[in-house]
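# An overview of the molecular structure
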Amino acid sequence: MTGCAGASFVDGVARRAFLRTCVGTSLGLAAAAGGALPARAAERAYKRRLPRGGIGMHLYTMRDALARDFAGTLERLSDIGYATVGVSGRHGYDAVAIRRMLDAVGLRAVLEHVAYPTLTGPGLPQALDDLHALGAKWPVVPSLPGALHTPDGFREAARQFNRIGRASREAGLGPVLFHNHGSDHVVVGGTNLYDVLVTETDPELVGFELDVYWAVKGGADPATYFRRHPRRFPALHVKDMAPDGGFADVGSGTLDFAAMFAHARVGGVRQWLVEHDSPADPFATARNSYAYLAALRY
């Protein structure tokens, strides 16, 4: 049998799987020899798995298929095994119609992306009513206008998020969430823009839908955010990174999801929503990504 130290791999996914096997073997040998396993090592024995009710699809991935056949696309996602969806674009349907189609196939909407100007303007009450109609919990700001990408702009956004989050809570919903892109993690004049939102918002009113791909692309470490800011990250965009820095089906790229998810519980993660910004075949992406997450141990 080839030893762990002597193995070499072309495929990074195979390498990670092999290393997990080596870790498990090493722990087993230590236990057999009568040695006590360190508590942290025992905890990281890759026995945890994602809750099936927490594996969802962010519907931006499926936008082309939804435009052709909204109900049929939802049915196929349900057949693959997905339990939840994040709504991003309605393709001519209202919230009530989308809820009806979700209910018909046993899917549940957990959030909806709503433009920042809508939530900061007179459209806020209707947006919250629509979330109730969808059966969802969280309004999500998908991005901030480019003009706000300064420390002062992000401080203004933080003030607005607290106001929106209070309205959402008063409407019987969850906190407002913010979805990040790589440019949100830049440092301007010594200030990390994303950290302004994390530190200057009320944890009871504002949370984060962390896109792990864009966080890593922007130089951030998702696991560190989970540890430093407990319970602030109820939802994730689970998106993988290809070796060239592009997008990849979940599990086929370079991101170490097991290492990230080891700290997801302290981060408050409840939804793992698959996303791929430009899938060649969205249903293949949906199948591949679900299979990986359903089988993942961390």
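Residues numbered from 1 in each chain as written. Predicted model: local features only at pLDDT ≥ 70, side-chain atom pairs only at ≥ 80, totals over all residues. Heavy atoms only, no water.

## Digging into helix H7 (residues 124-134)
Listed in full, the buried residues belonging to H7 are Leu124, Ala127, Leu128, Asp130, Leu131 and Leu134. End-on view of H7: buried residues confined to an arc of 155°, all on one side of the axis. For H7, the secondary structure elements touched by its buried residues are strand E2 (84-87), helix H5 (95-105), strand E3 (108-113), helix H6 (116-120), strand E4 (138-141) and helix H8 (151-170). Positive phi shows up at glycine 135, right after H7, with a value of about 80°. (Buried < 20%, exposed > 50% of the residue type's maximum accessible area, 1.4 Å probe, protein only. Helix = DSSP H or I, 4+ residues; strand = E, 2+ residues; numbered from the N terminus. Arc of directions from axis to C-beta. Contact = heavy atoms within 4.5 Å.)

## Section: the sheet that holds strand E9 (residues 235-238)
A barrel is described by the order of its strands in space; here eight strands give the closed sequence E1-E2-E3-E4-E5-E8-E9-E12, paired in parallel fashion. Between one strand axis and the next, the sheet turns by 30° as a mean value, whatever way the strands run. Pairing analysis gives three bridges linking E3 to E4, with the strands arranged parallel. Counterpart to leucine 111 in the pairing with E4 is tryptophan 138. Sitting on the sheet, H8 is in contact with E4, strand E5 (176-179) and strand E8 (206-211), with an inclination near 135° to E5. Against the sheet, helix H14 (residues 282-295) touches strand E1 (55-58), E9 and strand E12 (271-274), its axis set at about 155° to E1. (Pairing = 2+ DSSP bridges. Axes fitted to C-alpha atoms, helices over the stretch in contact; angles between N-to-C directions.)

## A look at the pairing of E2
Burial along E2 is two-sided: Thr84 and Gly86 facing one way and Val85 and Val87 facing the other are all buried. Where E1 and E2 come together, three bridges link them in parallel fashion. What sits directly across from glycine 56, in E2, is threonine 84. Regarding the hand of the β-α-β motif, the stretch spanning E2, H5 and E3 is right-handed. (Right-handed = clockwise from strand over helix to strand, strands pointing away.)

Everything listed here is a matter of coordinates, which is why it stays silent on function.
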